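Listed here are the chains, written in short residue letters.
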Amino acid sequence: MSKTPNPRALDRDEADMVEQTKALAERSPAELRDLIGRLRGRRDRVQRQIRGRVRAGESGPDTGAREKKALLTEAIARVANEMDRRKSGSKSGGASATATDNLREAVRRKAESPTWTGPDDRTADLGPSETPNTKIAPSGALHAEGMRAAISRSTGAR
C-alpha cells in the first residue's frame, strides 16, 4: 500500500465518516458511539467482501478493499482513543471524578461518626418475662375449672 491514502478508496458516506473522526472534540458521547458503530459495520462488511473474494478464488491483489479497510480501521482507532481519553480523564470533571469525590466524602463521614450507637450492655435481650395467668386452669387440666373445659371438649356433659 502507498503511504498517502487514496481518497477514491472510500465511497462518499465512508469518506464523510472518516472526516468526522478528525474533529472529535465537539462530538457528544452518543454521537461517538453511533459513529464508531457505523465505522465498524463498514469495516466488517469490507472484511467479509475480502474473505469472500479469497474463497471464490478470484486472483489479483485486492488493494482497493484492503486500503478501504485500513482507512476505516484507523478511523475506528481515533474514535476509540477519544472515547478512552474521555472515560479516563477524571480531571475533566467526568462521572468518575464525581464518584470518587462521593466515596471520599462517605469515608470521611464514617470516620467522624462513632462506631457503636447501641446500648453499652451488649447482652442478648430475652424479651418480656412471662407472667402466669392464674385466672384460668392450664389446658387439659382435669380438676377445678379445667374439668368443665375438658368435658365441653369431649362428648358432652356427664
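Residues numbered from 1 in each chain as written. Predicted model: local features only at pLDDT ≥ 70, side-chain atom pairs only at ≥ 80, totals over all residues. Heavy atoms only, no water.

Caption draft 1: The arrangement of the overall build of the protein chain in detail. Helix and strand counts for the protein chain come out as five helices and zero strands. Secondary structure elements in the protein chain, listed N-terminal to C-terminal, are α-α-α-α-α. Taken across its 158 residues, the protein chain has 19% of its residues classed as buried. For the protein chain, the proportion of contacts with a sequence separation of at least 24, taken over those separated by at least 6, is 64%. Surface exposure of the protein chain reaches about 12800 Å², of which carbon and sulfur atoms provide 52%. (Helix = DSSP H or I, 4+ residues; strand = E, 2+ residues; numbered from the N terminus. Buried < 20%, exposed > 50% of the residue type's maximum accessible area, 1.4 Å probe, protein only. Contact = heavy atoms within 4.5 Å. Areas by Shrake-Rupley, 256 points an atom, 1.4 Å probe, with all protein chains shown as cover.)

Caption draft 2: Local environment of the confidence of the model for the protein chain. Taken over all residues, the pLDDT of the protein chain has a mean of 78, while the share at 70 or more is 76%. The least confident element of the protein chain, judged by mean pLDDT, is helix H5 (residues 145-153) at 64; the most confident is helix H2 (residues 29-56) at 90. (pLDDT = per-residue confidence, 0-100.)

Caption draft 3: Structural view of the packing of helix H1 (residues 12-20) against H2. Here H1 crosses H2 at 135 degrees, and the two axes come no closer than 11 Å. Comparing their axes, H2 and H1 come out oblique. For the pair H1 and H2, the sense of crossing is left-handed. Taking contact as the criterion, the partners of Asp13, Glu14, Met17 and Gln20 in H1 are, on H2, Leu35, Arg38, Leu39, Arg42 and Arg45. (Axes fitted to C-alpha atoms, helices over the stretch in contact; angles between N-to-C directions. Parallel < 35°, antiparallel > 145°, perpendicular 65-115°, else oblique. Left-handed = near helix turned anticlockwise from the far one by under 90°.)

Caption draft 4: Quick look at helix H3 (residues 63-88). Between the first and last C-alpha of H3 there are 37 Å, a value that for 26 residues agrees with the 38 Å anticipated at 1.5 Å per step. Buried-residue contacts for H3 involve H1 and H2. (Expected span 1.5 Å × (residues − 1).)

Caption draft 5: View of the pattern of salt bridges. All told, the structure shown has 14 salt bridges when counted by the stated rule. Among the ionic pairs, Arg104 bridges to Asp101, the shortest N-O distance being 3.7 Å. In this pair, Arg104 and Asp101 both sit in helix H4 (residues 95-112), three residues apart, roughly one turn of the helix. In this structure Arg104 comes out as exposed when scored by relative accessible area, which is 57%. Its salt-bridge partner being Arg108, residue Glu105 comes within 2.2 Å of it at the nearest N-O pair. Taken as a pair, Glu105 and Arg108 lie in helix H4 at a separation of three residues, close to a single helical turn. (Salt bridge = Lys/Arg side-chain N within 4 Å of Asp/Glu carboxyl O.)

Caption draft 6: How the structure looks around the side chain of Glu14. Here Glu14 lies in helix H1. Among the residues examined, Glu14 registers a relative accessible area of 0% and is labelled buried. For Glu14, the side chain forms a polar contact with the side chain of Lys68, separated by 3.3 Å. If near-sequence neighbours (up to four positions away) are discounted, Glu14 is found in contact with Arg42, Arg45, Lys68 and Leu72. (Polar contact = N/O pair within 3.5 Å; in protein donor to acceptor, adjacent residues only side chain to side chain.)

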